[in-house]
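Topology and contacts: notes
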Amino acid sequence: RLGPLAYGIYLSHLLFIKILEAVAAKLDLGISWRLDVCVFLVSAVLSTLLAWWLSRWRPTRWLAV
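Here's what I pulled together on the structure shown here. In this text the structure is predicted, and so the values were computed from the model without any measurement.

**What to know about the overall build of the protein chain**
- Looking only at helices and strands, the protein chain features 3 helices and 0 strands.
- Starting at the N terminus, the α and β elements of the protein chain follow one another as α-α-α.
- For the protein chain, the spread of C-alpha atoms along the principal axes amounts to about 40 × 20 × 15 Å.
- Across the 65 residues that make up the protein chain, the buried fraction comes to 23%.
- Working note: accessible area of the protein chain is about 5200 Å², and carbon and sulfur atoms make up 72% of it.

Shown next, in the form of structure tokens:
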């Protein structure tokens, strides 16, 4: 089901990972495996939503598919 969005997810996931890592550093959360898992899960969801949203709008469809 998400196959057509895979490339868009791949391209956008790093954006969310870096943003979330910067926020975690700003909040002085430190390094832990729990934070890494949370960053992974949130970035996976957000990059999937972004790729899905971009694929729905005609002018940006080429960015996600």
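Okay, back to it.
**A few points about a nonpolar patch on the surface**
- Taken together, the side chains of Val42, Val45, Leu46, Leu49, Trp52, Trp53 and Trp57 make up a nonpolar region of the molecular surface, amounting to roughly 710 Å² of accessible area.
- Mapped onto the elements, Val45 comes out in helix 2 (residues 33–56).
- Assessed through its relative accessible area of 48%, Val45 is described here as partly exposed.

**A look at helix 2**
- Over its 24 residues, helix 2 runs 35 Å from end to end, which matches the ideal 34 Å to within 8%, given 1.5 Å per residue.
- Residues of helix 2 that are buried: Val39, Ser43, Ser47, Ala51, Leu54 and Ser55.

**Let's talk about a positive patch on the surface**
- A cluster of basic residues, Arg1, Arg56, Arg58 and Arg61, forms a positive patch at the surface.
- Following the sequence through the fold, Arg56 ends up in helix 2.

What counts and what doesn't
- Residues numbered from 1 in each chain as written.
- Predicted model: local features only at pLDDT ≥ 70, side-chain atom pairs only at ≥ 80, totals over all residues.
- Heavy atoms only, no water.
- Helix = DSSP H or I, 4+ residues; strand = E, 2+ residues; numbered from the N terminus.
- Buried < 20%, exposed > 50% of the residue type's maximum accessible area, 1.4 Å probe, protein only.
- Areas by Shrake-Rupley, 256 points an atom, 1.4 Å probe, with all protein chains shown as cover.
- Patch = residues over 30% accessible without salt bridge, like charges linked within 9 Å, V, L, I, M, F, W, Y side chains within 5 Å.
- Salt bridge = Lys/Arg side-chain N within 4 Å of Asp/Glu carboxyl O.
- Expected span 1.5 Å × (residues − 1).
- Lys, Arg positive; Asp, Glu negative; His and termini not counted.
- Charge placed at Lys NZ, Arg CZ, Asp CG, Glu CD.

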